[in-house]
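# Overview (structure and organization)
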Amino acid sequence: MTFTPITPDSATSEMSNGVNGLHKEMDDLHINGNGNSTNGTNGINGTNGRSTLEDGEKKKKRMSRKLSSPMMPSFMVSAPGKVIVFGEHAVVYGKAAIAASVSLRSYLLVTHLSKSKRTVTMQFPDIDLIHTWNIDELPWDIFQQPSKKKYYYDLVTSLDPDLVKAIQPHLTDISLGKSEAERKIHQNSAASFLYLFLSLGSPKSPGCRYTLRSTIPIGAGVGSSASIGVCLAAAMLLQIRTLSGPHPDQPPEEARLQVERINRWAFVAEMCIHGNPSGVDNTVSTHGKAVVYQRTDYKKPPTVTPLWDFPELPLLLVNTRTPKSTAVEVAKVAKLRTTHQELVGSIMDAIDKVTRSAESLIEEEYFDNEETESLRRVGELMTINHGLLSALGVSHPRLERIRELVDHEGYGWSKLTGAGGGGCSISLMKPDIPQEKLDKLERRLDMEGYQTFRTTLGGDGVGVLWPAVLKNGLDEDEEGGMEIDLEGFLNAPGNDGVEKLVGVSGGLDGAEREGWKFWRVESQ
Ligand SMILES: Nc1ncnc2c1ncn2[C@@H]1O[C@H](COP(=O)(O)OP(=O)(O)OP(=O)(O)O)[C@@H](O)[C@H]1O
Ligand SMILES: C[C@@](O)(CCO)CC(=O)[O-]
């Protein structure tokens, strides 16, 4: 996909959509990080950004009145993790890869403080991180400098070293008393958070708390960091009222524009964590479904083609709990390629063929994700892809053991996902396997120290719950549903507790739960 630049004019007209979209009550709030009248981005009250002095005066009066307006309600944002379904390693050599969202997700609860409280807190209990900053002490001056200032519609492709430097003093007292390794991780997360907060917010940003819980395993190649970046980007863009929708009758083109805006800022968050990310993770996490991703020239942006009609596939994700290093595995393949250039080239070509065959298969009109024959064909491509990766030397005995337990027992088709050498595998399960056999398999894997997740490929991307009130098909719905409070969210037990409390598929019989809304970007 190519990023379509959003001009100030188009941004302005969308801003008024934004005001009328998801959350009417936001109209009355005094928030806007980026609004100003010089560049046509001022979305406050839906003005067109070409305001006269008189308008400005009127606006000032209106704004000062609004200071007494009620607090913004709590809301939630959620985004999925991802797996590479086909084409890892070959993608490093300019071949295509298919990546898809998984149903494991991150959930971010945004709660606002009373106006007198001028603090912002990031609370990431999964990694035991909590930190509070005084908003008025943050380095707004440099982030607001005209030569530095970025707007919500900007495409940011690299971090500004001066801005990164300005953040550093605000990271020094994070997680004092923890190990150096842990502090480094916490400081990275905080740097990513602050870069976004300072870029999208303003010195007038309201005091608030961002609390995140995730069901995605961390550092296992399932895109946990990207999903967090997506949640933060979406939440902050919603707070400054620069997104329209999601709402049911929104045209797909408009929905895609909103999603792309989130994706751009999620990429900025990923850059803070990873340095030089390809962008595939945040793209899949924002859009959901699946994408074909290809980077032929590293000096140019990659080609990202959304597979809007990617089927939802049932999947068993297995974490070997064996730490992997992507860099080591990639180097291993590079070395093999030096010695056997032609042969390795043929393997890469074969992987590319597998990826392209999968792409065409999935897009076939009669492809049916609930039908055995269609699943078998995708499954066989996964098996072939794994064999080719194995030939490149990136499998691992713990990954081969999964194939033994799943494929050789006739339960499904497995392949490693991501770099290999440990990390995770994915298994496409046959639809007719009796439940007790599946339970037995999971017990076996558990006994052998694996971590299993039943997940579905190709689900929704970023979603919004505005306000943070859920309906569960229970009596309490009559009284407007159940409000998600911070304590309840923090105390939800484990991944299941989080899913049960706020999960996007926590509706009756696992259906999409009423309340969560998604930008519907599909073409059909
Ligand atoms: N649940 C979480 N809570 C807070 N921070 C998290 C969480 N999950 C991931 N992170 C952040 O993301 C970092 C992990 O990112 P990393 O890219 O190494 O792994 P990944 O995103 O899970 O895998 P990959 O990028 O290979 O798909 C953590 O160090 C932390 O900063
Ligand atoms: C192994 C690899 O192809 C995927 C790692 O998730 C490396 C990369 O694409 O950067």
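Residues numbered from 1 in each chain as written. Chains lettered and ligands numbered in written order. Predicted model: local features only at pLDDT ≥ 70, side-chain atom pairs only at ≥ 80, totals over all residues. Heavy atoms only, no water.

To continue, consider helix H11 (residues 372–391). Every α-helix carries 3.6 residues per turn, so stepping three or four residues along brings you back to the same face. In this model, H11 (20 residues) spans 28 Å end to end at C-alpha, consistent with the 28 Å of a helix rising 1.5 Å per residue. Three or more residues of H11 are buried, namely Ser-374, Leu-375, Val-378, Gly-379, Leu-381, Met-382, Asn-385, His-386, Leu-388 and Leu-389. In this fold, the buried residues of H11 make contact with strand S1 (75–86), strand S8 (313–319), helix H10 (341–363), helix H12 (397–406), strand S9 (412–417) and strand S10 (424–429). Within two residues after H11, Gly-393 carries a phi angle of roughly 90°, on the positive side. (Helix = DSSP H or I, 4+ residues; strand = E, 2+ residues; numbered from the N terminus. Expected span 1.5 Å × (residues − 1). Buried < 20%, exposed > 50% of the residue type's maximum accessible area, 1.4 Å probe, protein only. Contact = heavy atoms within 4.5 Å.)

This next bit is on the UniProt feature "domain: GHMP kinase C-terminal" (unreviewed entry) in the protein. Listed under "domain: GHMP kinase C-terminal" (unreviewed entry) in the UniProt record, and renumbered for this structure, are residues 373–442. Secondary structure content for residues 373–442 is 53% helix and 17% strand, and the end C-alpha separation is 25 Å. (UniProt positions renumbered as here; feature names shortened; annotations may be inferred.)

Another aspect to go through is the pairing of strand S4 (residues 129–134). A one-sided burial pattern is seen for S4, the buried positions being Leu-129, His-131 and Trp-133 and the unburied ones Ile-130, Thr-132 and Asn-134. In the sheet, strand S3 (residues 119–124) pairs with S4 via 6 bridges, with the strands oriented antiparallel. Within the sheet, the bridge partner assigned to Gln-123 lies in S4 and is Ile-130. Connecting the antiparallel pair S3 and S4 is a turn made up of 4 residues, with Asp-128 showing a positive phi of about 60°. (Pairing = 2+ DSSP bridges.)

Moving on to the sheet that holds S10. Ordered in space as S9-S10-S8-S11, the 4 strands form an open sheet in which the pairing is antiparallel. Two strands lie at the open edges of the sheet, namely S9 and strand S11 (451–457), each paired on one side alone. Mean inter-strand twist for the sheet, computed between neighbouring axes without regard to direction, equals 25°. Sheet analysis places S9 next to S10, joined by 6 bridges and oriented antiparallel. Counterpart to Gly-412 in the pairing with S10 is Met-429. Set on the sheet, helix H13 (residues 435–447) makes contact with S8, S10 and S11; between it and S11 the angle comes to about 135°. (Axes fitted to C-alpha atoms, helices over the stretch in contact; angles between N-to-C directions.)

A few words on the pattern of salt bridges. All chains considered together, the criterion is met by 21 salt bridges. The salt bridge involving Arg-401 is made with Glu-404; its shortest N-O contact spans 3.1 Å. With Arg-401 and Glu-404 both in helix H12, this residue pair falls 3 residues apart, about one helical turn. The class for Arg-401 is partly exposed, based on a relative accessible area of 23%. Taken together, the shared-partner salt bridges connect Arg-401, Glu-404, Arg-444 and Glu-448 into one network. (Salt bridge = Lys/Arg side-chain N within 4 Å of Asp/Glu carboxyl O.)

This part takes up the packing of helix H6 (residues 224–239) against helix H7 (residues 252–274). At a minimum axis distance of 8 Å, the contact between H6 and H7 shows a crossing angle of 130°. It follows from the interaxial angle that H6 and H7 lie oblique. Regarding H6 and H7, the two cross each other, and that crossing is right-handed. Counted together, Ser-225, Ala-226, Gly-229, Val-230, Ala-233, Ala-234 and Leu-237 of H6 and Arg-261, Ile-262, Trp-265, Ala-266, Ala-269, Glu-270, Ile-273 and His-274 of H7 form the full contact between these two elements. Looking at side-chain class alone, the contact of H6 with H7 contains 10 nonpolar, 3 polar and 2 charged residues. (Parallel < 35°, antiparallel > 145°, perpendicular 65-115°, else oblique. Left-handed = near helix turned anticlockwise from the far one by under 90°. Nonpolar A, V, L, I, M, F, W, Y, C, P; charged D, E, K, R; others polar.)

Most often, soluble globular proteins have nonpolar side chains that are buried together. By size, the foremost hydrophobic cluster in this structure holds 63 residues, and its most contacted members are Phe-193 and Tyr-210. Counting residues in each nonpolar core, the second largest holds 57 residues, with Ala-96, Ile-216, Met-382 and Leu-428 among its members. (Core = buried A, V, L, I, M, F, W, Y, C linked by side-chain atoms within 4.5 Å.)

One pass over the full model with this rule turns up 10 aromatic pairs. With a centroid separation of 5.0 Å and 85° between ring planes, the pair formed by Tyr-152 and Tyr-153 is classed as edge-to-face. Residue Tyr-152 shares its accessibility class with Tyr-153, and that shared class is buried. Aromatic pair Phe-197 and Tyr-210: ring centres 6.3 Å apart, planes at 80°, arrangement edge-to-face. With Phe-197 in helix H5 (residues 180–200) and Tyr-210 in strand S5 (residues 208–214), the pair connects residues that are 13 residues apart, well separated along the chain. (Phe/Tyr/Trp six-rings, centres within 6.5 Å; stacked < 30°, edge-to-face > 60°.)

Another point: the site of ligand 2. For ligand 2, the full set of nearby residues is Ile-84, Glu-88, His-89, Val-91, Val-92, Thr-326, Gly-418 and Ala-419. When ligand 2 is considered free in solution it has 300 Å² of accessible area, and contact with the protein chains removes 72% of it. Split into classes, the residues belonging to the shell around ligand 2 amount to 4 nonpolar, 3 polar and 1 charged. When residues of the shell around ligand 2 are assigned to domains, at least three map to each of domain 2 (75–292) and domain 3 (312–457). (Near = heavy atom within 4 Å. Areas by Shrake-Rupley, 256 points an atom, 1.4 Å probe, with all protein chains shown as cover. Domains from an automatic or database assignment.)

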